[in-house]
Amino acid sequence: MKKTKISECLEKLLNHESRLSLVERILKHKNLNGDINKISNSVSNSAKCKSSYNKIEFANLFYILMDEEILFFQKCDKKNNRIEFQKFLESYFTYSGKNDKQCEIKNISKEFAESKGYTYREKQIEFLNLLIFKLHQRKLRIENW
């Protein structure tokens, strides 16, 4: 699949933003000796990025972005990339739980496995159809500006 200019710009922006955010956290927490795990753990729930998706939808979204190599930590090491991705999501995001209450992601490994496997094929197709619909609606809005 050929990358569009928009996806290239988005990829550059996300890489730039995540690097700046990490540098900012390191500078704010320099007394932690640069230990990224301690920095990640110091991010309060209120500072985490919130999601309107439930846990499996959230995992599907990021698994797709990771699997299609739109977002990655280590492109050449898929196993380590997945581990890093899971740690990142658990540290910096929450998902929409029961009654739309934001919940911490304590472990997303099971949901990543479901996103990879063929057992939940229909759920993945349903999720992708909804995502494609939302992106198509956005495209139409932009075209009509």
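See the structure printed just above.
A brief structural summary.

## Some points on the pattern of salt bridges
Argument step 1. Applying the stated criterion to the full structure yields seven salt bridges.
Argument step 2. The partner of Lys 78 in a salt bridge is Glu 69, with the nearest N and O atoms 3.2 Å apart.
Argument step 3. For Lys 78, a relative accessible area of 53% gives the class exposed.
Argument step 4. Residue Glu 69 is classed as partly exposed on the basis of its relative accessible area, which comes to 26%.

## Notes on the packing of helix α3 (residues 55–67) against helix α5 (residues 109–116)
Argument step 1. Two elements in contact, α3 and α5, have axes separated by 9 Å at closest approach and are oriented at 60 degrees. Viewed along their axes, α3 and α5 adopt a mutual orientation that is oblique. Considering the relative orientation of α3 and α5, their crossing is right-handed. Residues Lys 55, Ile 56, Ala 59, Asn 60, Phe 62, Tyr 63 and Met 66 of α3 touch α5, and the partners they reach there are Glu 111, Phe 112, Glu 114, Ser 115 and Lys 116.
Argument step 2. Classifying every residue of the contact of α3 with α5 gives six nonpolar, two polar and four charged.

## Notes on the side chain of Asn 81
Argument step 1. Along the polypeptide, Asn 81 turns up in helix α4 (residues 78–92).
Argument step 2. Given a relative accessible area of 5%, Asn 81 falls into the buried group.
Argument step 3. When residues no more than four places from it in sequence are discounted, the contact partners of Asn 81 are Met 66, Phe 72, Phe 73 and Gln 74.

## Some thoughts on the packing of aromatic side chains
Argument step 1. This structure, assessed with the given rule, holds 10 aromatic pairs.
Argument step 2. Judged by centre distance (5.5 Å) and plane angle (65 degrees), the ring pair of Tyr 53 and Phe 127 falls under edge-to-face. One end of the pair, Tyr 53, is in the loop between α2 (36–42) and α3; the other, Phe 127, is in helix α6 (residues 121–143), with 74 residues separating them in the sequence.
Argument step 3. Residue Tyr 53 is classed as buried on the basis of its relative accessible area, which comes to 13%.
Argument step 4. A relative accessible area of 7% places Phe 127 in the buried class.
Argument step 5. On the basis of an interplanar angle of 55 degrees and a centroid distance of 5.3 Å, the ring pair of Phe 62 and Phe 93 is categorised as tilted. Placement of Phe 62 in helix α3 and of Phe 93 in the loop between α4 and β1 (94–96) is noted, with a sequence separation of 31 residues between them.
Argument step 6. Classification of Phe 62 as buried rests on a relative accessible area of 12%.
Argument step 7. Following the ring pairs from residue to residue traces out a cluster consisting of Phe 58, Phe 62, Phe 73, Phe 85, Phe 88, Tyr 92 and Phe 93.

## So, the nonpolar core
Argument step 1. If you look at the biggest cluster of nonpolar residues, it comprises 19 residues, and the most contacted ones within it are Phe 58, Phe 62, Leu 89 and Phe 112.
Argument step 2. Looking at this core, the elements with two or more residues in it are α3, α4 and α6.
Argument step 3. For this core, the leading source of residues is α3, giving seven residues.

Parameters at a glance
- Residues numbered from 1 in each chain as written.
- Predicted model: local features only at pLDDT ≥ 70, side-chain atom pairs only at ≥ 80, totals over all residues.
- Heavy atoms only, no water.
- Salt bridge = Lys/Arg side-chain N within 4 Å of Asp/Glu carboxyl O.
- Buried < 20%, exposed > 50% of the residue type's maximum accessible area, 1.4 Å probe, protein only.
- Axes fitted to C-alpha atoms, helices over the stretch in contact; angles between N-to-C directions.
- Helix = DSSP H or I, 4+ residues; strand = E, 2+ residues; numbered from the N terminus.
- Parallel < 35°, antiparallel > 145°, perpendicular 65-115°, else oblique.
- Left-handed = near helix turned anticlockwise from the far one by under 90°.
- Contact = heavy atoms within 4.5 Å.
- Nonpolar A, V, L, I, M, F, W, Y, C, P; charged D, E, K, R; others polar.
- Phe/Tyr/Trp six-rings, centres within 6.5 Å; stacked < 30°, edge-to-face > 60°.
- Core = buried A, V, L, I, M, F, W, Y, C linked by side-chain atoms within 4.5 Å.

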